[in-house]
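Below, each chain spelled out in residue letters.
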Amino acid sequence: MQYMLLIYGGETGLSSMTEAEGKTMMGAFRAYTEALDAAGATVSANRLQPVANATTVRAPGGVVHIHDGPFAETKEQLGGYYLIEAPDLDTALGWAKKCPAVGYGSVEVRPVFAMPPA
Amino acid sequence: MSGEARRAAERAARDHYGRLVSILAARSGDIAAAEDALADALAAALRDWPAKGVPRAPEAWLLVVARRLLTSDARRRRNAAAALGQIALLTGGADEPAGFPDERLKLLFVCAHPAIDPAARSPLMLQVVLGFTAEEIAPLFLLEAPTLSQRLVRAKHKLREAGVAFRVPDVDELPARLEAVLEAIYALFTQGWSLPFEESAHRAALAADAIWLARLTVSLCPGRPEALGLLALMLHAWARDAARRDAEGRYAPLSEQDPAKWNRALIDEAEEIIRRAARYRQPGRFQLEAAIQSAHAERRATGVIDWWAILTLYDALISVSGSAAPAINRCIALAHVDGPAEALRQLETLGADPRLATSQAWWAALADLRSQVADGPGALLAYDRAIALQRDPTVRDFLARKKACLVEPRPASACATPRLKTTTAICST
């Protein structure tokens with residue numbers, strides 16, 4: 001099964017980090033990503049730019065609205081994701097626990113909907 | 001013939017429900033589908049058995065048919081991972097009546113998974129693994145049956161769709177889940193314990209099942225003193241089961257029981273297990289309850305009950321358990337240490353809690369303490385309430401006899417109950 005590890009955290013906390021703190025965090029994420037790769041669990045992974053650079057599109061009734069900013073203003077923002085392959089939720093939760101993001105914010109584990117074969 | 005086949009099918013389903021669902025679900029990860037398959041297998045049995053006769057091992061027949069149904073169902077299932085599990089099922093062998101694996105413990109731990117709504121965990125265990133009906137479970141959690149059913153459906157859905165692993169958790173996750181599993185096993189035991197004596201086969205089956213599951217848990221988590229505590233508690237209680245009726249078949253409360261009728265081997269085993277648990281120096285609710293049983297069992301050797309020790313144990317128990325029941329039993333012990341007047345005063349204070357004011361145990365204790373302080377009218381009223389709330393006819397008779405003694409004093413031999421009794425349904429009786 002595939003699981004999406006959605007990384008949430010307060011962007012303000014990130015921007016107020018010292019350079020050394022930022023380096024430590026980046027190092028931890030790099031090591032984590034390498035561990036996932038080495039285990040053959042990674043499907044894809046990305047860090048996202050801050051919500052300041054987000055643009056949201058809606059088209060209620062067919063009329064397209066494009067606006068600056070995220071889908072919803074929240075205290076914690078989606079900052080990145082790991083899409084992983086795992087045999088079960090417990091293995092996915094095991095990976096989530098090791099993710100450095102749990103020390104800064106939270107990791108939401110979502111099973112990927114298995115599409116019926118066409 | 002048809003009636004016999006129906007009874008055999010129903011008995012096999014009732015006695016083995018949790019076992020069968022656990023085996024079916026452990027392989028597929030889908031509890032709801034396992035339950036559906038078992039229901040369909042039962043329907044097939046009701047069609048098949050009247051004509052062909054009841055199979056030698058009805059539960060094995062149900063398992064094989066349910067598995068087949070589950071497999072054919074899987075072909076249609078969209079979840080590829082689930083289908084893979086089904087293939088394992090196909091190759092799992094069709095005839096294993098003797099070597100039934102007991103997957104229930106695994107499933108109990110799955111139901112206690114942190115990914116499941118905490119409010120759904122215990123009901124899920126009771127329904128899926130231990131075979132209780134939603135109607136039986138709902139009142140335990142002060143819920144309406146439809147609300148409970150909805151909660152159960154949601155939990156089963158999440159277990160399947162989120163792909164929760166059907167296995168015993170790793171050592172670091174065990175402690176967090178163990179407590180709920182122990183609670184469920186104890187609920188199974190007390191369910192049997194509080195059944196009327198007339199249903200002796202069913203009572204014994206539930207108790208034996210709970211003790212067996214506790215033994216499995218202990219072998220799985222040898223370093224957990226509370227698992228040992230629960231096992232010791234149930235062994236102690238069960239050791240006295242035969243003594244809960246006197247020679248005339250009348251109910252005998254703990255302090256009136258003949259210790260010679262207690263099962264010595266079970267008590268010795270329970271004592272050994274309590275000592276093992278104590279070495280970890282991590283007291284907990286079940287160990288303390290077992291220790292209270294142990295103090296009562298001492299009477300076998302000493303002939304007296306050390307109420308002061310029991311009172312101390314109840315104080316410790318109340319400090320670790322949020323449950324209200326121990327507070328009632330503590331008052332009973334207190335009456336022996338500080339006298340009935342003080343115990344009555346404290347028991348009446350407890351009555352401010354509405355859960356206790358409607359509990360049979362509270363009214364029975366009240367009746368007893370009031371009669372000890374010679375409050376005849378108050379005791380009569382409390383006996384009436386205690387009798388009305390008691391569902392076991394044997395215990396009702398016992399209370400009625402005590403009430404009758406109150407109304408018209410008879411020779412001491414007819415009412416040979418000079419000291420206080422407990423009449424709670426759980427293990428203090």
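Residues numbered from 1 in each chain as written. Chains lettered and ligands numbered in written order. Predicted model: local features only at pLDDT ≥ 70, side-chain atom pairs only at ≥ 80, totals over all residues. Heavy atoms only, no water.

Caption draft 1: How the structure looks around the overall build of chain A. A tally of helices and strands in chain A yields three helices and six strands. In terms of principal-axis extent, the alpha carbons of chain A reach across some 50 × 45 × 20 Å. Counting all 118 residues of chain A, 27% fall into the buried class. Sequence-distant contacts in chain A: of pairs separated by 6 or more residues, those separated by 24 or more amount to 74%. Here chain A has roughly 7500 Å² of accessible surface; of this, 60% comes from carbon and sulfur atoms. (Helix = DSSP H or I, 4+ residues; strand = E, 2+ residues; numbered from the N terminus. Buried < 20%, exposed > 50% of the residue type's maximum accessible area, 1.4 Å probe, protein only. Contact = heavy atoms within 4.5 Å. Areas by Shrake-Rupley, 256 points an atom, 1.4 Å probe, with all protein chains shown as cover.)

Caption draft 2: Highlighting the overall build of chain B. Tallying secondary structure elements over chain B gives 21 helices and zero strands in all. When each of the 429 residues of chain B is scored for burial, the buried share is 52%. Total accessible area computed for chain B in this model is approximately 19200 Å², and 56% of it derives from carbon and sulfur atoms.

Caption draft 3: Geometry of the pairing of strand 3 (residues 55–58) of chain A. Residues and elements named next belong to chain A. One ladder, built from four bridges, connects strand 3 with strand 4 (residues 65–68); its direction is antiparallel. Following the sheet pairing, Val57 is matched in strand 4 by Ile66. Counted along the chain from strand 3 to the antiparallel partner strand 4, the turn is six residues long, and its residue Gly61 has a positive phi close to 60°. (Pairing = 2+ DSSP bridges.)

Caption draft 4: Up close: the packing of aromatic side chains. Residue and element names in this part refer to chain B. Scanning the entire structure with this criterion turns up nine aromatic pairs over all chains. With a centroid separation of 5.2 Å and an interplanar angle of 75°, the aromatic rings of Trp49 and Trp61 are classed as edge-to-face. With Trp49 in helix 2 (residues 31–52) and Trp61 in helix 3 (residues 58–76), this pair connects stretches of sequence that are twelve residues apart. Among the residues examined, Trp49 registers a relative accessible area of 0% and is labelled buried. Where Tyr186 meets Phe286, the ring centres are 5.5 Å apart and the plane angle is 75°; that geometry is what we call edge-to-face. Linking Tyr186 in helix 9 (residues 174–193) with Phe286 in helix 13 (residues 285–297), this pair joins segments that are 100 residues apart in sequence. We note that Tyr186, like Phe286, is buried. (Phe/Tyr/Trp six-rings, centres within 6.5 Å; stacked < 30°, edge-to-face > 60°.)

Caption draft 5: Layout of the nonpolar core. In this structure, Tyr82 and Ile84 of chain A together with Leu108, Leu130, Ile185, Phe189 and Met234 of chain B are the most contacted members of the largest nonpolar core, which totals 112 residues. For Tyr82 of chain A, the residues in contact, after removing those within four places along its chain, are Tyr3, Met4, Leu5, Ile7, Phe29, Tyr32, Thr33, Leu36, Ser44, Ala45 and Cys99 of chain A. Membership of the second largest hydrophobic core comes to 38 residues, among which are Ile305, Tyr314, Ile328 and Trp362 of chain B. (Core = buried A, V, L, I, M, F, W, Y, C linked by side-chain atoms within 4.5 Å.)

Caption draft 6: Examining the packing of helix 5 (residues 104–111) of chain B against helix 9 of chain B more closely. Residue and element names in this part refer to chain B. Their axes nearest at 9 Å, the elements helix 5 and helix 9 cross at an angle of 115°. Helix-helix and strand crossings are classified by hand; for helix 5 and helix 9 the assignment is right-handed. Contact residues: Leu105, Leu108, Phe109 and Val110 in helix 5; Leu174, Arg177, Leu178, Val181, Ala184 and Ile185 in helix 9. When grouped by side-chain class, the residues that make up the contact of helix 5 with helix 9 number nine nonpolar, no polar and one charged. (Axes fitted to C-alpha atoms, helices over the stretch in contact; angles between N-to-C directions. Left-handed = near helix turned anticlockwise from the far one by under 90°. Nonpolar A, V, L, I, M, F, W, Y, C, P; charged D, E, K, R; others polar.)

Caption draft 7: Representation of the pattern of salt bridges within the structure. Applying the stated criterion across every chain yields a total of 26 salt bridges over all chains. Residues Arg330 of chain B and Asp315 of chain B are paired through a salt bridge, measuring 2.6 Å at the closest nitrogen-oxygen approach. Here Arg330 of chain B, found in helix 16 (residues 325–338), pairs with Asp315 of chain B, found in helix 15 (residues 307–320); they are 15 residues apart in sequence, far enough to count as distant. It is possible to trace a salt-bridge network through shared partners that takes in Asp90 and Lys97 of chain A together with Glu173 and Arg177 of chain B. (Salt bridge = Lys/Arg side-chain N within 4 Å of Asp/Glu carboxyl O.)

Caption draft 8: Up close: the interface of chain B and chain A. At the interface, 13 residues of chain B touch eleven residues of chain A. Of the roughly 930 Å² buried between chain B and chain A, counting both surfaces, carbon and sulfur atoms make up 55%. Between Glu173 of chain B and Lys97 of chain A there is a salt bridge, and its shortest N-O distance comes to 3.6 Å. Counting across the interface, chain B meets chain A through four residue pairs in polar contact (both at pLDDT 80 or more). For the side of chain B that touches chain A, the class distribution of residues is five nonpolar, two polar and six charged. (Buried area = accessible area lost by both parts, 1.4 Å probe. Polar contact = N/O pair within 3.5 Å; in protein donor to acceptor, adjacent residues only side chain to side chain.)

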